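Observations on the three-dimensional arrangement
Next come the chains, spelled out residue by residue.
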Amino acid sequence: MPFLTVDHLTHAYFSTKSVTTALEDISLEIEEGEFVSFLGPSGCGKTTLLSLIAGLLQPTSGEITIDHQTIHRPHKRIGYMFQQDYLLPWKTIEENIYLGLKIRRTLNDFNRTLALGLLDQMNLKETQSKFPHELSGGMRQRVALVRTLATNPSLLLLDEPFSALDYQTKLKLENLVFKTLKEHKKTALLVTHDIGEAVAMSDRVLVFSANPGRIKSIYTIPEHLQRMKPFDVRHHKDYNEIFQSIWEELNQLEDKD
Amino acid sequence: MKTKIDQAHKHFLQKERTIKSHVFFTQLLILIAFIGLWEVASRLQWINPLLFSSPSSIGRLFYEKVVDGTLSIHVVVTLTETLAGFVIATVLGTTFAAILWWIPFVSRVADPYLVIMNAMPKVALGPILIVALGPGYSAIIAMGVLISLIITTLVVYNSFRETDPNYIKVVQMFGGKKIHIFKEVTLPASLPAIISTLKVNVGLSWVGVIVGEFLVSKQGLGYLMIYGFQVFNFTLVLLSLLIIAIMATIMYSGVGILERKLRNR
Ligand SMILES: Nc1ncnc2c1ncn2[C@@H]1O[C@H](COP(=O)(O)OP(=O)(O)OP(=O)(O)O)[C@@H](O)[C@H]1O
Ligand SMILES: [Mg+2]
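Residues numbered from 1 in each chain as written. Chains lettered and ligands numbered in written order. Predicted model: local features only at pLDDT ≥ 70, side-chain atom pairs only at ≥ 80, totals over all residues. Heavy atoms only, no water.

Regarding the domain arrangement of chain B
By a frequent convention, interface size equals the accessible area lost on bringing the separate parts together. Our working rule: Bear in mind that the domain bounds are from an automatic or database domain assignment.
Considered domain by domain, chain B is made up of domain 1 (2-47) and domain 2 (62-263). Between the C-alpha centres of domain 1 of chain B and domain 2 of chain B there is a distance of 34 Å.

Digging into the confidence of the model for chain B
All names here are of chain B. Condition: For every residue, the pLDDT score states the predictor's confidence, bounded by 0 at the bottom and 100 at the top. Numbering of helices and strands runs from the N terminus; a helix is a DSSP stretch of H or I covering at least four residues, while a strand is a stretch of E covering at least two.
Overall, the predicted model of chain B reaches an average pLDDT of 92, with 99% of residues at or above 70. Here helix H6 (residues 126-133) is the element of chain B with the lowest mean pLDDT, 88, and helix H8 (residues 165-173) is the one with the highest, 96. Per the prediction output, this complex has pTM 0.84; the corresponding ipTM is 0.90.

Points about the packing of aromatic side chains
Each pair of aromatic rings is reported with the distance of its centres and the angle of its planes. Defined as follows: Aromatic pairs are defined between Phe, Tyr and Trp rings, using the six-membered ring for Trp, whenever the two ring centres lie within 6.5 Å; interplanar angles under 30 degrees are classed as stacked, those over 60 as edge-to-face, and all others as tilted. Classification of residues uses two cut-offs on accessible area relative to the type maximum, computed with a 1.4 Å probe and protein chains only: under 20% is buried, over 50% is exposed, and between them is partly exposed.
For the coordinates displayed, the defined rule picks out 16 aromatic pairs over all chains. Taken together, a centroid distance of 6.4 Å and an interplanar angle of 15 degrees make the contact between A:Phe243 and A:Trp247 stacked. Placement of the pair is A:Phe243 and A:Trp247 together in helix H10 (residues 239-256), with a separation of four residues, close to one helical turn. According to the relative accessible area criterion, A:Trp247 is partly exposed, its value standing at 42%. Relative to B:Phe234, the ring of B:Phe229 has its centre 5.6 Å away and its plane inclined at 75 degrees; by these criteria the two rings are edge-to-face. Taking relative accessible area as the criterion, B:Phe229 reaches 40% and is therefore assigned partly exposed. Pairwise contacts between aromatic rings join A:Tyr80, A:Phe82, A:Tyr86, A:Trp90 and B:Tyr167 into one cluster.

Quick look at the interface of chain A and chain B
Stated precisely, the cut-off is as follows: Residue contacts are counted whenever heavy atoms from the two residues lie within 4.5 Å of one another. Put simply, buried area is the surface a 1.4 Å probe can reach on two separate parts but cannot reach once they are joined, added for both. Basic side-chain nitrogens of Lys or Arg form a salt bridge, by our definition, when they fall within 4 Å of a carboxyl oxygen of Asp or Glu. Definition of a polar contact: a pair of N or O atoms within 3.5 Å, with one able to donate and the other able to accept a hydrogen when the atoms are protein atoms, and with sequence-neighbouring residues admitted only if both atoms are side-chain atoms. Charged means Asp, Glu, Lys or Arg here, nonpolar means Ala, Val, Leu, Ile, Met, Phe, Trp, Tyr, Cys or Pro, and polar covers whatever is left, Gly included.
Tallying the contact residues gives 22 residues for chain A and 17 residues for chain B. Between chain A and chain B the total buried area reaches about 1,800 Å² when both faces are included, carbon and sulfur atoms providing 70% of it. When the area that chain A buries against chain B is broken down by residue, the three leading residues are A:Tyr86, A:Trp90 and A:Ile103, summing to 37%. Here chain A is connected to chain B by two salt bridges. Summed over the shared surface of chain A and chain B, the result is five residue pairs in polar contact (both at pLDDT 80 or more). Of the residues contributing to the side of chain A that touches chain B, the split by class is 14 nonpolar, three polar and five charged.

A look at helix H11 (residues 234-263) of chain B
Stated precisely, the cut-off is as follows: An expected span of 1.5 Å times one less than the residue number is assigned to each helix.
With 30 residues, H11(B) extends 43 Å between its outermost C-alpha atoms, agreeing within 8% with the 44 Å of an ideal straight helix rising 1.5 Å per residue. For H11(B), the side-chain oxygen to backbone nitrogen distance between the N-cap and B:Thr235 is 3.3 Å, and the N-cap itself is B:Asn233.

Considering the nonpolar core
One broad trend across soluble globular proteins is that nonpolar side chains are buried collectively. The cut-off we apply is this: For the purposes of this section, nonpolar cores are sets of buried Ala, Val, Leu, Ile, Met, Phe, Trp, Tyr and Cys residues that join through side-chain atoms within 4.5 Å.
Judged by nonpolar contacts, the single largest core of 54 residues is most densely connected at A:Phe38, A:Leu49, A:Ile53, A:Leu155, A:Leu157 and A:Leu189. A:Phe35, A:Ile97, A:Leu190 and A:Met201 belong to the second largest nonpolar core, which has 32 residues in total.

With respect to the environment of A:Asp166
All names here are of chain A. Considering the arrangement of structural elements, one finds Asp-166 in the loop between strand S7 (155-159) and helix H6 (167-183). Accessibility expressed as a relative area gives 46% for Asp-166, which makes it partly exposed. Taking the C-alpha atoms as reference, Asp-166 lies 18 Å from Glu-134; in sequence the two are 32 residues apart. Looking at Asp-166, its side chain comes within polar contact range of the side chain of Thr-169, at 2.7 Å.

Here's what the structure looks like:
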């Protein structure tokens, strides 16, 4: 039984002057614990799809369900990590990671300890009483991850969360996020422009075409690579072949535009 | 190496201090020169002492009025009215801004009216206020409120509206409703804008209250000025003006202290 289903989803943006069809007839099923990446040319509707699944947007037609419940608004079991950390600059790190708990009125000692434990796992214990501007980009993105995980979502939506970071930090964070998500048995959807990242982290890679956004093809990553840490996948002999075929497919898509 | 940097740093600090003291002394010098020149010009009748008074007569008058206790009541009245106008305008303006932000339909409807009201010379409404509220403190305070209310509303509303939508999405993803968005994001993100309207409002509420006092009052510094004009006592007018300037400056620095407190939080 799939955990998340997207059923004949179409989304258009309206303004007084124009209509933009961002997504057309998208259907997909995601199993619990799966890690799925979205790749595709800019403007093919990846962020739109995540926002729809997140319940931040209402689809023009079609339906999204998580655990058989239709999504109409942000759902308790879904967490969202953005391209930038968007930590609230006027709150300390500790206050920032409690934000979700505070809004949901579940900020008790038990949850506090859990959140602080996560912060410790990210090696950020000593930043607790600092403010976001005192931290580096990589540290802030890790805090954002803790903030998202603190409310214990089952499905994580990650919209290019590593793209604003330098290469080294990015590789380290990929490993850390991968490990953390597997440990806590989370399901994850990752939007990225980095083919290598998609191959290294995912169980499946969905390639989108643009105008309007459609699913072009699906790559299932071989099982022995699925289980490996992202950093090790990038050095595995089978990695290049998959990388190449996705690369060529994306090139074709972009030439068409 | 280390000592070299230390030395350079010391040198840098010393230079900073020197510049700072030079600026201060120049400022002081200008003030003394201005007062001295004024005094001399007045005594030698270069300027009409009846019109322009002189620092010494202002000082004498100040001393007399403090000793016989007739000054403090006027200061207290005006200061109270101004503070009341200032606080009411800020709180009311921020509340209006919150309503506009909360209900987009209201803001779209109100938009042209706000623009017109902002452009209108509010002081011209003074006489209407006096007739409506009666000649008294309430009309004067209303004047102080009116003059800064619309601009406060506009500036704060704009800042509410310009809050980064991504912070709002973060709150929404945790199931946050409008009240959470306002409390956790919009309001704190707008505090700098609110503080800067406070600074503008300090000046505006003084203008409003003094104009109000010109029009009706029997007490207050505005009243003293009008009274001074009527009996041709320009020393009294200038003394009142000086006191207003000093109090407005103090209020302004008060807002500055508040700003620094909030920023260090
Ligand atoms: N708020 C909006 N209003 C109108 N059109 C929008 C809006 N957001 C996105 N679009 C349009 O919808 C299409 C898909 O946008 P989307 O941001 O989902 O693409 P994306 O795949 O995430 O692109 P990128 O890789 O550059 O992030 C684009 O054509 C874009 O111009
Ligand atoms: Mg995007």
